[in-house]
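# Coordinate analysis (summary)
Listed here are the chains, written in short residue letters.
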Amino acid sequence: MTAQTVAEQAGVSRSAVSRAFTKGAYLDAEKRRRILSVAAEIGYQPNALAAGLKGGNSHLVAIFAGDLRNPYDTAFVSQLVGSLNAIQKWPLLIDGNGARAAQALEEVLRYPLDALILRGGSLSGEIVEQCARYGIPMISSGRPLSAPGVDTVCCRNDQGARMGAELLISGGRRRIGFLGGPSELYSSCERRAGVMAALEAAGLRPVAEAVGDYTVDGGHAAARALLQGAGEIDALICGNDAMAIGALSAAREIGRAVPGDLAVIGFDDIDMARWTCFDLTTVRNPIDAAVREILRLLEARLGDPGKADETVFVDPVVKPRGTH
């Protein structure tokens, strides 16, 4: 069904149909009633994308979400989508990383996007740099990026990880292990750097180190192998909460009491970290503050495409609970 079909059945002009669906446009009340009645009867809806393009905006925003198996990324994207909807922006959500994300990028750029939002801390640097080359207004969330027209919102990952390590050291822990995330992710590298800086400042070295994949299952497998093979670790710092929850399960399976003879700390402060069965000590990576800054930067960039690039850092907060 087209606008011309509605016009013919309502006995009005094609332009009258357009005005009937345009907020604030003048049209005789009886004509508007007749047009809307015919449209409802035959199932006609105007093409919002085409109408938006005439005004210069599609209102489509692509979000490259990273790995939605990670509960933090899921919570972050959920809040971001809701906030975009509230300002009449409609997200195209892309899950995954690597080759799959690269292929999705080629496809999604066929659409007339207002902007790209990247969960840069959960994407490889290659994908982030590829997106930056297309000249579309872009916000990199979680990975600082220097490129024209690109704004950044990032947690101080190194500072947060250092604060978490210092909490353990101040509590008397000395045989500390580290369970990091994938090395190609910016957040993994920054968090490891923060932990190592805190240990060095205290005259310590990690007694064991392993790499997981930022999932509960990956954390469980990596932590079990690490705890069984590295002697008496008395504390384990994990690169995110999902792996820390997996590590808690592994510790219980092999008889390590938490926090009695093993402290465990995570990073992100996902909802599960607050569950009574986990009560996980962690470092909060604040979603509210990050999403608020993303929306501010998006509206500013769309209002003035030539404005200076901005990088905004949000501050982590240590959340002491029952595992340290």
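Residues numbered from 1 in each chain as written. Predicted model: local features only at pLDDT ≥ 70, side-chain atom pairs only at ≥ 80, totals over all residues. Heavy atoms only, no water.

Right, let's talk about the sheet that holds strand E7 (residues 208-211) for a bit. The strand order across the open sheet formed by four strands is E7-E6-E8-E9, and the pairing between neighbours is parallel. The open sheet is flanked by E7 and strand E9 (263-265), the only strands paired with a single partner. Strand after strand, the sheet turns through a mean of 15 degrees between neighbouring axes, direction not considered. Across the face of the sheet, helix H8 (residues 157-170) comes into contact with strand E6 (176-180), strand E8 (235-238) and E9 while running at roughly 165 degrees to E9. (Pairing = 2+ DSSP bridges. Helix = DSSP H or I, 4+ residues; strand = E, 2+ residues; numbered from the N terminus. Axes fitted to C-alpha atoms, helices over the stretch in contact; angles between N-to-C directions. Contact = heavy atoms within 4.5 Å.)

Let's shift gears to the side chain of Asp269. In this fold, Asp269 is placed in the loop between E9 and strand E10 (282-284). A distance of 3.2 Å separates a polar atom in the side chain of Asp269 from a polar atom in the side chain of Arg274. A distance of 2.7 Å separates polar atoms of two side chains, one belonging to Asp269 and the other to Arg284. If we skip the residues at most four places from it in the chain, Asp269 touches Asp241, Arg274, Thr282, Val283, Arg284, Lys319 and Arg321. (Polar contact = N/O pair within 3.5 Å; in protein donor to acceptor, adjacent residues only side chain to side chain.)

Let's shift gears to the pairing of E8. Side chains of E8 alternate between two faces, with Ala235 and Ile237 and Leu236 and Cys238 buried alike. Relative to E9, E8 runs parallel, the two sharing three bridges. Among the inter-strand pairings, Ala235 is bridged to a residue of E9, identified as Ala263. (Buried < 20%, exposed > 50% of the residue type's maximum accessible area, 1.4 Å probe, protein only.)

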